[in-house]
Amino acid sequence: NNFRKIKGIISRNVDRLIGKIGIVLDDIKDAQSVGQVKVEGEIWTAKSQRAPIAKDIKIKVLAIEGVKLIVESIE
């Protein structure tokens, strides 16, 4: 099944972002809201499980939840 092959490749490509460093483009206000981050030249929707993270703060990718990155501040 070609779809399974493609889906597997996409999953592995996204997993490469775990542990990478990026920057917040749009504030992540709290654990219930999302913001935007840039990681390796790509813009992603992101959530923080802990504290809010303001624009221009450096982040580290902890996990991927669907199409959202779970991040934490490293500053």
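Residues numbered from 1 in each chain as written. Predicted model: local features only at pLDDT ≥ 70, side-chain atom pairs only at ≥ 80, totals over all residues. Heavy atoms only, no water.

1. Description of the pairing of strand S5 (residues 68–73)
As judged from the four bridges shared by strand S3 (residues 42–48) and S5, these two strands associate in the parallel manner. For Thr45, the partnering residue across the bridge sits in S5 and is Lys68. Here strand S4 (residues 58–65) pairs with S5 via six bridges, running antiparallel. What sits directly across from Ala63, in S5, is Ile70. Between the end of S4 and the start of S5, which pair antiparallel, lie two residues, with Gly66 showing a positive phi angle near 65°. (Pairing = 2+ DSSP bridges. Helix = DSSP H or I, 4+ residues; strand = E, 2+ residues; numbered from the N terminus.)

2. Some points on the nonpolar core
Burial of nonpolar side chains together is a common tendency in soluble globular proteins. Counting 13 residues, the largest nonpolar core has Val37, Val39, Ile59, Leu69 and Val71 as its most contacted members. Elements that contribute at least two residues to this core include exactly strand S2 (35–39), S3, S4 and S5. Apart from the residues within four sequence positions on either side, Val71 is in contact with Ile28, Ala46, Lys47, Ser48, Gln49, Ile53, Ile59, Lys60, Val61 and Leu62. (Core = buried A, V, L, I, M, F, W, Y, C linked by side-chain atoms within 4.5 Å. Buried < 20%, exposed > 50% of the residue type's maximum accessible area, 1.4 Å probe, protein only. Contact = heavy atoms within 4.5 Å.)

3. Topic: the pairing of S4
In the sheet, strand S1 (residues 21–26) pairs with S4 via three bridges, with the strands oriented antiparallel. When the bridges of S4 are listed, Ile23 appears paired with Lys58.

4. Brief notes about the sheet that holds S5
The strand order around the closed barrel formed by five strands is S1-S2-S3-S5-S4, and the pairing between neighbours is mixed. Neighbour to neighbour, the strand axes of the sheet diverge by 55° on average, direction disregarded. (Axes fitted to C-alpha atoms, helices over the stretch in contact; angles between N-to-C directions.)

5. Digging into a negative patch on the surface
Where like charges cluster on the molecular surface, the negative patch consists of Asp26, Asp27, Asp56 and Glu75. Structurally, Asp27 is set in the loop between S1 and S2. (Patch = residues over 30% accessible without salt bridge, like charges linked within 9 Å, V, L, I, M, F, W, Y side chains within 5 Å. Areas by Shrake-Rupley, 256 points an atom, 1.4 Å probe, with all protein chains shown as cover. Salt bridge = Lys/Arg side-chain N within 4 Å of Asp/Glu carboxyl O. Lys, Arg positive; Asp, Glu negative; His and termini not counted. Charge placed at Lys NZ, Arg CZ, Asp CG, Glu CD.)

6. Brief notes about the pattern of salt bridges
Applying the stated criterion to the full structure yields five salt bridges. Between Arg16 and Glu40 there is a salt bridge, with its nearest N and O atoms 3.9 Å apart. Residue Arg16 is found in the loop between helix H1 (2–15) and S1, and its partner Glu40 is found in the loop between S2 and S3; the two are separated by 24 residues along the sequence. Taking the relative accessible area as the measure of exposure, Glu40 reaches 46% and is therefore partly exposed. The shortest N-O distance in the salt bridge between Lys47 and Glu65 comes to 3.2 Å. Of this pair, Lys47 sits in strand S3 while Glu65 sits in strand S4, and the two are 18 residues apart along the sequence. Take Glu65: its relative accessible area is 41%, and that puts it in the partly exposed class. The network of salt bridges with shared partners includes Arg16, Lys20, Glu40 and Glu42.

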